[in-house]
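Residue-level listing of the chains:
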Amino acid sequence: MEECVFCKIASGELKSEKILESDNFFAIKDINPKTKGHSLVVSKRHYQTLLDMPSSLLGEFLEMGKKLAIKLIDEEKAEGFNLIMNNYEVAGQIVPHVHMHVLPRKKGDVAPGLP
Ligand code: 5GP
Ligand code: ZN
C-alpha cells in the first residue's frame, strides 16, 4: 500500500504526531478538522473498511475511540462527541484505510454535515 497516506503515517514516512497508541491502532489529529480537536483512530495495518478488519480487533478499536473521546473532552472542554466511520466511497470514505472519526462537540458549535 505504497500510496496510502495512513500507511505512510503508520510507518513514519509521513510525520504526524501520534496522540494515543495501542498494539494495533494509533490516534492523530485530523488535518482538516470539522470541529476543534477532531481526531482519528487509525489501524496500523492496512484494511480498507470495517468489513476487512478482523473481528478480534473490534474491541481494541472501540476502546481507542473511547480513550480518545475522554482525552478530547478533557482537552477541549467538550460536552459530547460524535463517533463516525465512513465505509466505502459512496458513504464518503476518502482515505481507503480503516479509521474512526472522534469529533468533540460543544453547544452551539458548527460541524458541517453533522447535527
Ligand atoms: P474519510 O475517509 O472518512 O472521509 O476521512 C478521511 C479524513 O482523513 C478526512 O477528515 C481528512 O481530513 C483526513 N486526512 C486526510 N489526509 C490526512 C493526512 O495526511 N493527515 C491527517 N492527520 N489527516 C488526514
Ligand atoms: Zn493504508
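Residues numbered from 1 in each chain as written. Chains lettered and ligands numbered in written order. Predicted model: local features only at pLDDT ≥ 70, side-chain atom pairs only at ≥ 80, totals over all residues. Heavy atoms only, no water.

## Some points on the coordination of the zinc ion (ligand 2)
Ideal geometry at a metal centre: 109.5 degrees between donors when four sit tetrahedrally, and 90 or 180 degrees when six sit octahedrally. In plain terms, the rule: Each metal site is built from N, O and S donor atoms within 2.8 Å (3.2 Å for Na, K and Ca), and since water is not included, such sites may look incomplete. By the criteria applied here, four donors are tetrahedral when all angles lie between 85 and 135 degrees, four are square planar and six octahedral when opposite donors are over 155 degrees apart and every other angle lies between 65 and 115, and any other arrangement is irregular. Per-residue accessibility, obtained with a 1.4 Å probe over protein chains only, is compared with the maximum for each type, and a residue is labelled buried under 20%, exposed over 50%, and partly exposed between these values.
Within the protein, the atoms that donate to the zinc ion (ligand 2) are Cys4 (SG), Cys7 (SG), His46 (ND1) and His97 (ND1), at distances of 2.0 to 2.3 Å. What the 4 donor atoms of the zinc ion (ligand 2) show is an angle range of 102 to 117° at the metal, which sorts the shape as tetrahedral. A residue is classified by how much of its surface remains accessible, and Cys7, at 17% relative accessible area, is buried.

## Comments concerning the nonpolar core
Here is the rule: Note on terminology: a nonpolar core comprises buried Ala, Val, Leu, Ile, Met, Phe, Trp, Tyr and Cys residues joined through side-chain atoms within 4.5 Å. Helical segments are the DSSP runs of H or I of at least four residues, strand segments are the runs of E of at least two, and each set is numbered from the N terminus.
If you look at the biggest cluster of nonpolar residues, it comprises 15 residues, and the most contacted ones within it are Phe25, Val41, Met53, Phe61 and Leu68. Looking at this core, the elements with two or more residues in it are β2 (25–29), α2 (58–76) and β5 (99–105). The biggest single contributor to this core is α2, with 5 residues. Formed by 9 residues, the second largest nonpolar core is a distinct cluster that contains Phe6, Ile9, Val42 and Val95.

## A look at the packing of aromatic side chains
The condition is simple: Geometry of aromatic contacts follows a simple scheme: Phe, Tyr and Trp rings, the Trp one being its six-membered ring, pair when their centres are within 6.5 Å, and the pair is stacked under 30 degrees between planes, edge-to-face over 60, tilted otherwise.
Tallied over the entire structure, the rule returns 1 aromatic pair. Arranged with centres 5.1 Å apart and planes meeting at 25°, the rings of Phe25 and Phe61 form a pair that is stacked. Here the residue Phe25 occupies a position in strand β2, and Phe61 occupies one in helix α2, the gap between them amounting to 36 residues. Judged by relative accessible area, which is 0%, Phe25 ranks as buried. With a relative accessible area of 3%, Phe61 lands in the buried category.

## A word on the site of ligand 1
Heads up, the condition is: Throughout this document, a residue counts as near a molecule or strand when at least one of its heavy atoms sits within 4 Å of that molecule or strand. By the criterion applied in these results, polar contacts are pairs of N or O atoms within 3.5 Å in which, for protein atoms, one can donate a hydrogen and the other can accept it, and in which residues neighboring in sequence qualify only through two side-chain atoms. Each accessible area value is a Shrake-Rupley result obtained with a 1.4 Å probe; residue values ignore everything except the protein chains displayed when judging cover. Ten residue types, Ala, Val, Leu, Ile, Met, Phe, Trp, Tyr, Cys and Pro, are classed as nonpolar, four, Asp, Glu, Lys and Arg, as charged, and the remainder, Gly among them, as polar.
Among the 16 residues in the neighbourhood of ligand 1, the closest are listed as Asp30, Gly92, Ile94, His99 and His101. Contact between ligand 1 and His101: an oxygen atom at 2.8 Å from a side-chain N or O atom of the residue. Here ligand 1 has 530 Å² of accessible area as a free molecule, and 83% of this is covered by the chains. Elements represented by at least two residues in the shell around ligand 1 include exactly α1 (5–11), β2 and β5. Tallying contributions element by element places α1 first for the shell around ligand 1, with 3 residues. Looking at the shell around ligand 1 residue by residue, the classes come out as 8 nonpolar, 6 polar and 2 charged.

## A short note on α2
An α-helix turns once every 3.6 residues. As a result, residues three or four positions apart point the same way. Our working definition: To estimate the expected span of a helix, subtract one from its residue number and multiply by 1.5 Å. Directions from the helix axis toward the C-beta atoms define the arc.
Between the first and last C-alpha of α2 there are 26 Å, a value that for 19 residues agrees with the 27 Å anticipated at 1.5 Å per step. By the burial criterion, the buried members of α2 are Phe61, Met64, Gly65, Leu68, Ala69, Leu72 and Glu76. Seen from one end, α2 has its buried residues packed into an arc of 140°, which puts them on one side. When the buried face of α2 is taken as reference, the exposed residues oriented beyond 90 degrees from it are Lys66, Ile70 and Asp74. Remark: Lys77 follows α2 within two positions and exhibits a positive phi of approximately 55°.

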